[in-house]
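# Descriptive analysis of the structure
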Amino acid sequence: MEIQQLRAFLSVAQTKNFTKSADLLYVSQSTITMRIKALEHSLGKMLFDRDNRQVHLTAAGKELLDYAKRIVELVDEGARKLKLEERFDSSLVVGSLHSLWDYLLFPIMKDFQIKYPKTALRFITGHSWDIVQHILDGVIDFGVVYIPPSHPEIEVVNFKSEEIKLVARADNNFTEEIDLSNLTALPYIHMEWGPGYKLWFEECVGKQVFALQVDHASLYIHYLQSDNFIGLLPSAIANTLIQGGELTELRYRSKVKAPFIQSYIIYPKRKHEAVKSLLDYMMQAADRM
């Protein structure tokens, strides 16, 4: 199994076409065909079902797909870090969620880069489980997530505790205090902010199905800004938008006291010096917030 065979496999799996894959990889179609056949021969499995118009992954191909992605990512990251050694003393790959990048981590990382100009930084966005898997694979050095992993090879540190705020567009029509138990009768848009939040929400509102639910913070905020919706946000996000005049805070009551939304720093237990520097800087930043 060779890395170029895996690159060909991933390209064909995405495009479902040998000719398009050859164009994307700047090789001939016969080269793509040869690499796929060699990979299938080495594994003893057919990876694609072929017909006249398209190719489709077999069960074995689907099984290989995630592993191939991780192998190629790891090889590429290793090559990138070796090239960086010529210009930088160290490098860090940091992974987090869209919402945390946009409203919490951006100013911290910007200041960290100024303080440590000889540390090369690469930022990755994904869900909490993506970040955890990338840390285990060795692709990411440092992550910030809402859902902490329980794994013997990953260290977990509490980062930021945030209040929950009910918000709406600045020109909203809500004047009375809102009872969260009545959310199903209101133009509410739902998003979950971690396991503690989910338990609290279900205790207050019940296990409800809402007309509109998203799992992407930027999309969630866009809806809140563009229509007469109400929603619940962590204070780091809410405060930024309230101060900018885009959203306003609404009064609410709930039969159970709202928990704080906790974010977590995660990193491999065998951390290197650059991870320690970023960890120290992040904890100092959290104290200043």
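The preceding data block contains the structure.
All values derive from a computational prediction rather than experimental measurement. (Residues numbered from 1 in each chain as written. Predicted model: local features only at pLDDT ≥ 70, side-chain atom pairs only at ≥ 80, totals over all residues. Heavy atoms only, no water.)

### Concerning the nonpolar core
- Counting residues in hydrophobic clusters, the biggest one holds 58 residues, and the most contacted among them are Phe142, Trp193, Leu233 and Met282.
- Once you skip the residues sitting within four places of it in the chain, tryptophan 193 turns out to touch Ser99, Tyr146, Ala217, Tyr220, Leu232, Leu233, Pro234, Ile237 and Ile261.
- Counting 18 residues, the second largest nonpolar core, distinct from the first, contains Leu6, Ala8, Ala22 and Leu47. (Core = buried A, V, L, I, M, F, W, Y, C linked by side-chain atoms within 4.5 Å. Buried < 20%, exposed > 50% of the residue type's maximum accessible area, 1.4 Å probe, protein only. Contact = heavy atoms within 4.5 Å.)

### Some points on the pattern of salt bridges
- One pass over the structure, following the stated rule, counts eight salt bridges.
- Across the pair aspartate 76 and arginine 7 runs a salt bridge whose closest N-O atoms are separated by 2.6 Å. Of this pair, aspartate 76 sits in helix α4 (residues 59-84) while arginine 7 sits in helix α1 (residues 3-15), placing them 69 residues apart in sequence.
- Its relative accessible area of 25% is what places arginine 7 among the partly exposed residues.
- For aspartate 280, the salt bridge is made with lysine 276, and the minimal N-O distance between the two is 3.2 Å. Taken as a pair, aspartate 280 and lysine 276 lie in helix α10 (residues 273-288) at a separation of four residues, close to a single helical turn.
- A relative accessible area of 34% places aspartate 280 in the partly exposed class.
- A single salt-bridge network, built from bridges that share partners, covers Glu177, Asp179 and Arg253. (Salt bridge = Lys/Arg side-chain N within 4 Å of Asp/Glu carboxyl O. Helix = DSSP H or I, 4+ residues; strand = E, 2+ residues; numbered from the N terminus.)

### Details of the sheet that holds strand β5 (residues 142-145)
- Ordered in space as β4-β3-β5-β12-β6, the five strands form an open sheet in which the pairing is mixed. Either end of the sheet is taken by a strand with one partner, and the two such strands are β4 (119-125) and β6 (154-162). With direction set aside, neighbouring strand axes in the sheet form an average angle of 20°.
- Bridging between β6 and strand β12 (residues 261-268) involves eight bridges; their strand directions are antiparallel. Considered in β12, the bridge of asparagine 158 is made with tyrosine 264. (Pairing = 2+ DSSP bridges. Axes fitted to C-alpha atoms, helices over the stretch in contact; angles between N-to-C directions.)

### Re the side chain of serine 11
- Its location among the elements puts serine 11 in helix α1.
- Those residues in contact with serine 11 that lie beyond four places of it in its chain are Lys16, Ser21, Leu24 and Leu25.

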